[in-house]
Amino acid sequence: MDERARIEDVCRRLKEHYVFPDVAEKLTVYLRARLSDGAYAGLDDQAFAVAVTQDLQSVNGDKHLRLRHHVEPLPDAEGESFDPEEFRREAELNCHGITSARRLAGNVGYLETKLFYAPDSAGEALSAAMTLLATTDALLIDVRENRGGDPSTVALLISYLVGDEPVHFNSIYLRDGDVTNQFWTLPYVPGRKFGPDKPVWVLTGPTTFSGAEDLSYSLQQLGRAKTVGAVTGGGANPRKQYKVDTHLDVTVPGGRAVNPVTGSNWEGVGVQPDIAVDVEAAFDTAYALALAHVLTLGDTGARRQVADEARLALAALG
């Protein structure tokens, strides 16, 4: 397929699916002008994807608008360009997006995630992680390198941090069908909940994106957690991917997040941290706050060992 046919296919997907039809029209005009100017001539697939992505993001800076190059050939099926079984296998090989779930000294829980895979593949692993951390006194959720994922998994994770009554934490407006889907926490989760009362800190940074921003922003607006670190990437428009050529697909946001508290979202501006520090300092800062909380819980009986751990760990942080 030559660059003209590829650009026309990208334009078609934009006009059919992009959540902002007026922007889609502007992008279509711009891409075709760039094509006529020879901007894409002679480029290999990878360079072509980079050039088109820059142009896709030139109008409104939507980082979910991308033309992506894949080393492996994409499936031939019409519509979304990923293979569900291959994606499930990827989730398994990446421990379902969970990099770490452990108890830190001082009985502080730590959960690090890199991606929110769909609940039908990641739910069991996430439940195991949250059950492990349920009896800790405070929790750090590290999404500094989490690039997003499935909003239903965000709902599952938040469900472990609230009470039994469902909580409305996000909505997504979809252009297709002109509908708004509400996202609520679940009345039941497998395993044991961390609960609604113990403190939570969410570690954020510039590579925190999309679904990870949903988690950060939602917990922040619910008053359930404090965000610590740097401003996030600023992608609030959920997307789908469509095959363009053998090794190319285009990701087009067909919706936008609408927070029930603010009526807005983090698109283009990112989630603003409650405690702003360099991204490298986010862990030490949040851990120190968690340890200080632990030391308010007493140091007699069974808590003596925990308090001693907390003092030593806090001293080590300086």
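For the structure given in this document, a descriptive report is provided here. Residue numbers restart at each chain and count upward from 1, following the sequence in its written direction. Whole-chain, interface and lining totals are the exception, using all residues; otherwise, since this is a predicted model, local features are given only for residues with pLDDT of at least 70 and side-chain atom pairs are given and counted only at 80 or more. To obtain the side-chain values, all non-hydrogen atoms of the structure were included, while hydrogens and water were left out.

On to the pattern of salt bridges. Any carboxyl oxygen of Asp or Glu within 4 Å of a side-chain nitrogen of Lys or Arg constitutes a salt bridge here. Under the counting rule described, the total for this entry stands at 16 salt bridges. For the salt bridge of Asp249 with Arg68, the shortest nitrogen-to-oxygen distance reads 2.8 Å. Residue Asp249 is located in strand S10 (residues 248-253), and its partner Arg68 is located in strand S1 (residues 66-69); the two are separated by 181 residues in the primary sequence. The burial state of Asp249 is the same as that of Arg68; both residues are buried. Put simply, Glu309 and Arg103 hold a salt bridge, and the shortest N to O gap is 2.9 Å. Of this pair, Glu309 sits in helix H9 (residues 303-317) while Arg103 sits in strand S2 (residues 98-104), and the two are 206 residues apart along the sequence. Connected via shared salt-bridge partners are Arg6, Asp45 and Asp245. A run of H or I in DSSP becomes a helix once it reaches four residues, and a run of E becomes a strand once it reaches two; helices and strands are each numbered from the N terminus. Exposure categories follow from relative accessible area, calculated using a 1.4 Å probe and restricted to protein chains: below 20% of the type maximum is buried, above 50% is exposed, and the middle band is partly exposed.

It is worth spelling out the sheet that holds strand S11 (residues 255-258) at this point. Whenever strands of a sheet pair, they do so through backbone hydrogen bonds, lying parallel or antiparallel. Two strands qualify as a pair provided DSSP detects at least 2 bridges between them. Reading across from one edge, S6-S5-S11 is the order of the 3 strands in this open sheet, with antiparallel pairing throughout. The open sheet has two free edges, formed respectively by strand S6 (179-184) and S11, since each of these has just one partner strand. Taking the axes of each pair of neighbouring strands and ignoring which way they run, one obtains an average angle of 25° across the sheet. Residue contacts follow a heavy-atom distance rule, with two residues in contact if any of their heavy atoms lie within 4.5 Å. Axes, fitted as lines to C-alpha atoms, cover a helix only where it is in contact. Angles between the N-to-C directions of the axes lie from 0 to 180 degrees. Sitting on the sheet, helix H6 (residues 151-159) is in contact with strand S5 (168-174) and S6, with an inclination near 170° to S5.

As used here, the term nonpolar core means buried Ala, Val, Leu, Ile, Met, Phe, Trp, Tyr and Cys residues forming a set that is joined through side-chain atoms within 4.5 Å. Leu111, Met130, Leu139, Ile141, Leu161, Val200 and Leu215 are the most contacted members of the largest nonpolar core, which totals 29 residues. Only helix H5 (119-133), strand S4 (138-142), H6, S5, strand S7 (200-204) and helix H7 (211-222) provide two or more residues apiece to this core. No other element matches the 5 residues that H6 contributes to this core. Those residues within four positions of Leu161 in sequence are excluded, and the remaining contacts are Met130, Leu139, Ile141, Phe194, Gly195, Pro196, Val200, Leu219 and Arg224. Within the second largest apolar cluster, 25 residues are counted, among which are Val10, Val19, Leu27 and Val244.

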